[in-house]
Amino acid sequence: MRIDYTDVLVIGGGLAGLRAAIAAKRRGHDAVILSLVPPKRSHSAAAAGGMQASLANSIKASGDNEDVHFADTVRGSDWGADQEVVRMFVDSAPKAARELAAWGVPWTRVQEGNHETVIKGQKVVITESKDAQGLIAQRNFGGTSKWRCAYVSDSTGHAMLYAVSDQSIAANIPVRERTEAIALIHDGGRCFGAVVRDLISGELFAYVAKATVIATGGAGRLYRVTTNAVINEGMGAAIALETGRAALGNMEAIQFHPTGLFPSGILITEGCRGDGGLLRDVDGHRFMPDYEPDKMELASRDVVSRDMLEQVKKGKGVKTRLGEHLWLDITLLGRAHIEKNLRDVQEICRYFLDIDPAKDLIPVMPAQHYTMGGVRTDYRGESQGLKGLFAVGEAACWDIHGFNRLGGNSVAETVVAGMIVGEFIADFCDSADSDISIATSLIHDFIARELARIDRLINDGGSEDASRLQQRMKEIMTEKVGVFRDGTMLTAAVEELQVLLVKSGKIGLRNRSRGANPELATAYRTQKMLKVALCVAAGALARTESRGAHARDDFPHRDDANWLKRTLATWPNEADDLPTLKYEPLDVMGMELPPGWRGYGAKDFVPHPDTARRNEEIEAITKKLAGADRFAVQAALMPYEQLLPARLRGRNERIVLPGEGASP
Amino acid sequence: MTEAAPKDSTKSSPMSSPKASHRQLTINVLRYDPRTPERPPRMEAFRVEEAEGMTLFIALNEIRETQDPSLNFDFVCRAGICGSCGMLINGRPSLACRTLTKDLGATINLAPLPGFELISDLSVNTGKWMRAMSERLQTWIHAREREIDICRLEQRMDPALAQKIYELDRCIECGCCIAACGTAQMRKDFVGAVGLNKIGRFRLDPRDRRSDDDYYDLVGDDTGVFGCMALLGCHDVCPKQLPLQTQIAFLRRRLALNAIKPASQPGEKPGEKP
């Protein structure tokens, strides 16, 4: 049995994994990346509209800074986020955007002078400052109070991914393409790498490492209608779950993007609405102002998705044989704008629907888009249940998104978490804690166990068809664990998924090849996906409140008194048919921004008993520090700078835009 | 799998096209797995009932799920942005995921992209080829300074120049240009339009300190810009409509001129003002 060794084993070659590997390598540790596909094909490439970073160069970003980005993100999360980690994130996002600028990302830049633009459905002229000429431009996105999205037309993720991937090539970091980690190797609460399958030859081998990093992205393919790439099957979360040690956090928090192309679910970027696009119903009526008079189309994604489905429920959907949809209207933006800033949208419309978005409406419906949950980590990105296991990006629940992620915050998280957690990984590798102390015989046992599992699939001649089981799972998730949920549907979903899980133990294959055999991969992935799907459904069933993207018709209010806590799902025994759920409370007394109204969406919620007391404390601290700068006030409320790696500390420089004071 | 339209739906356009009768498609696939050479390369035919909005992504997945689970092909984003699914569609290199069957005849011939290591059936190892090309051409910014202070304002850039760089940065490394290239089919070490476009991209970028002398060292021979026979297959098939013809011609002229002129100063970027 073959065993390879490295310092840092990164599972997943998207932006988060690449950036973490670069950080570790720069600190002198060897890193190897495992990737299902060539890294530049990762789903990071699909991030379209932009990266949130409070650079504040555009005039409509005037007054933006870390504090505003922090508040927007926490409100967006419906107070589910870890506020200290959000602070680390918003502080580092401008640094990450500037690093990417130096690495060659062709960010769209500010052109001084007058520009015609569309804001809240009205054509207006904005004047960009002379001082901002040539700096990174910002566009508007949902759920934010300033224009904050740095962008490269509408292929931001592509440009970022190519720049970072090229940096990893420059750093001589090997990528084992077309390999898949199918199990984590662990002993005594410590992770030591993974059992890896070569997807071309079928060979199984072990990669033993000091630090193992899950960077496999989300689990969108649990759903039938999703914007996600076909590789986003939640395998990183699954192999972490299967250790019985590592916990998955908040798996029930699933985001539905308002504008999935109908019926395929292909993403139509939020940049469309950010740039002034409107949502219309069957009558051509612009309905979002009816629901959200202030934010309109640019409320957070959870809110807009719900309002869209409400409008369809009222009989205002466009009926087709494939179901109902609504319209996205970007015709008012004009052809020149679309061809410059929404170019991929134009291409997608042309190739998939043969329509021209400069004159035609785009058929859209909410589609699964993002997995807020993932491998639960501490602020350093390390699993609390399994030492030496780190997670970054969408695969992680580091927890800046809570129960709803803001558009542009995920692609920002990939590079920011890669940067920050990469430093902590390097610290870990520098320490004696990272010594590899696992017995070779145990490594062999792990390989043998996986080999036996694959042998069983190939030889046992089971009666179940993996792709049918998977299709059924996707139907259940889409129909019963979707935008609107209730106890009856969720109970049915959990029970049906349990039945499917049992059936997945009897999968038989028609193609018994061990090598490049897609049916074999579908078989073992289906077994794992069902466990992750059960974490989503069981977590949603247990959470008897509505928070962010988790909306229960039978429990319509956010309930801070009982549910201001993070769900932790583990799978202690292989024979279990349900995850074990535990909860991690969020400490209101430590929050910089205690729970309140988000500024959009439902106004009613059940307050936490500590909220009033914490608000008084905050008021007293703020009063005492009247006249002090915003950094001093922030530090008094919730210090976080000490949590950041030393090399990533420092205040972000900004220009002073017209109308702003001279102080930062 | 995924978003395929229900098979029994008779029509379906979300828009409103008139009711169409469903064609029976014959999809011929060139099949071969180099790991089982005892089964020689062969065309295999699959019958599929066309559905509204059907793409080759949907059709191939349906074939794999209901007819032949051993069929190999690559898709990732299925939205035309990741470049995984380049293949020969009726002989022409294209992205399969965004190819609608309605735009093709009732018989569709599919083959793997030539010029790349075959993995199996329609799956080829473009990743390995692209990594080797990137290593050889050093397709990353060669920064002027070793460390930048990421707390400070970013370096300014002319918005029009950023836009020009973006236009070339849109390449998705799908490999269609290599499959369509006469030179690449004859010599394995030719960097192709994908490689030359990258040189064009970094040459434009004031953040990269390399000069035309450096680029000449990288591509100033028959494996690079002088290997192009100007057949322009690359330009015709590029799914992103990159200006490959102009790029290659421009680069060839600049590098040829550079070769007969005195060497430029290090760090100087002839022809471009940052």
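Look up: the structure comes first, before these words.
The text that follows walks through the structure, step by step, so that each part is easy to find. Remember, predicted model here, so these are calculated numbers, not experimental data.

Points about the side chain of A:T243
Residue and element names in this part refer to chain A.
Logical step 1: With respect to the helices and strands, T243 occurs in the loop between α5 (235-241) and β12 (248-249).
Logical step 2: With a relative accessible area of 10%, T243 lands in the buried category.
Logical step 3: Polar contacts involving the side chain of T243 include one to the main-chain amide nitrogen of A246, which spans 3.2 Å.

Describing unusual backbone geometry
Residues and elements named next belong to chain A.
Logical step 1: Backbone torsion omega between F262 and P263 reads 0°, so that peptide bond is classified as cis.
Logical step 2: One can find P263 in the loop between β13 (254-261) and α6 (271-274).
Logical step 3: Despite not being glycine, S153 has its phi angle at roughly 45°, a positive value.
Logical step 4: With respect to the helices, strands and loops of the structure, S153 is situated in the loop between β7 (149-150) and α4 (156-170).
Logical step 5: Take S153: its relative accessible area is 1%, and that puts it in the buried class.
Logical step 6: A positive phi is found at R178, a non-glycine position, where the angle reads about 55°.

Observations regarding the sheet that holds strand β6 (residues 138-139) of chain A
All names here are of chain A.
Logical step 1: Here we have three strands laid out as an open sheet, ordered β3-β7-β6, and antiparallel in their pairing. Taken across any chain shown, the strands that pair with only one partner, and hence form the sheet edges, are β3 (51-52) and β6.
Logical step 2: Relative to β7, β6 runs antiparallel, the two being bridged by two bridges. Bridge assignment links Q138 to a residue of β7, and that residue is A150.

What to know about the packing of helix α3 (residues 159-169) of chain B against helix α6 (residues 192-204) of chain B
Residues and elements named next belong to chain B.
Logical step 1: Remark: α3 packs on α6, axes separated minimally by 9 Å, with the N-to-C direction vectors making an angle of 165°. In terms of orientation, α3 lies roughly antiparallel with respect to α6. Like other packed secondary-structure pairs, α3 and α6 cross with a definite hand, here left-handed. Contact with α3, carried on its side by L161, K164, I165, L168 and D169, involves N197, G200, R201 and L204 of α6 and no other residues of that element.
Logical step 2: Counted by class, the contact of α3 with α6 contains four nonpolar, two polar and three charged residues.

About the thresholds
- All residue numbers here refer to positions counted from 1 along the written sequence of the relevant chain.
- Working convention: letters from A go to chains and numbers from 1 go to ligands, in the order in which they are written.
- Reporting in this predicted model follows two pLDDT cut-offs: at least 70 for local features of residues, and 80 or more for side-chain atom pairs to be given and counted; totals over whole chains, interfaces and linings ignore these cut-offs and use all residues.
- Note that water and hydrogens are dropped before the side-chain values are worked out from all heavy atoms of the structure.
- We count a stretch as a helix when DSSP gives it H or I for four or more residues in a row; a strand needs E for two or more, and each element gets its number in order from the N terminus.
- Per-residue accessibility, obtained with a 1.4 Å probe over protein chains only, is compared with the maximum for each type, and a residue is labelled buried under 20%, exposed over 50%, and partly exposed between these values.
- Under the rule applied, a polar contact is a pair of N or O atoms within 3.5 Å (in protein, one hydrogen donor and one hydrogen acceptor; residues adjacent in sequence only if both atoms are side-chain atoms).
- Strand pairing requires that DSSP identify at least two bridges connecting the strands.
- Axes, fitted as lines to C-alpha atoms, cover a helix only where it is in contact. Angles between the N-to-C directions of the axes lie from 0 to 180 degrees.
- Note on terminology: angles under 35 degrees are roughly parallel, angles over 145 are roughly antiparallel, angles of 65 to 115 are roughly perpendicular, and the others are oblique.
- The crossing is said to be left-handed when, going from far helix to near helix, the turn is anticlockwise and less than a right angle, and right-handed when the turn is clockwise.
- Here a residue-residue contact requires only that any non-hydrogen atoms of the pair lie within 4.5 Å.
- Charged residues are taken to be Asp, Glu, Lys and Arg, nonpolar residues to be Ala, Val, Leu, Ile, Met, Phe, Trp, Tyr, Cys and Pro, and polar residues to be all remaining types, Gly included.

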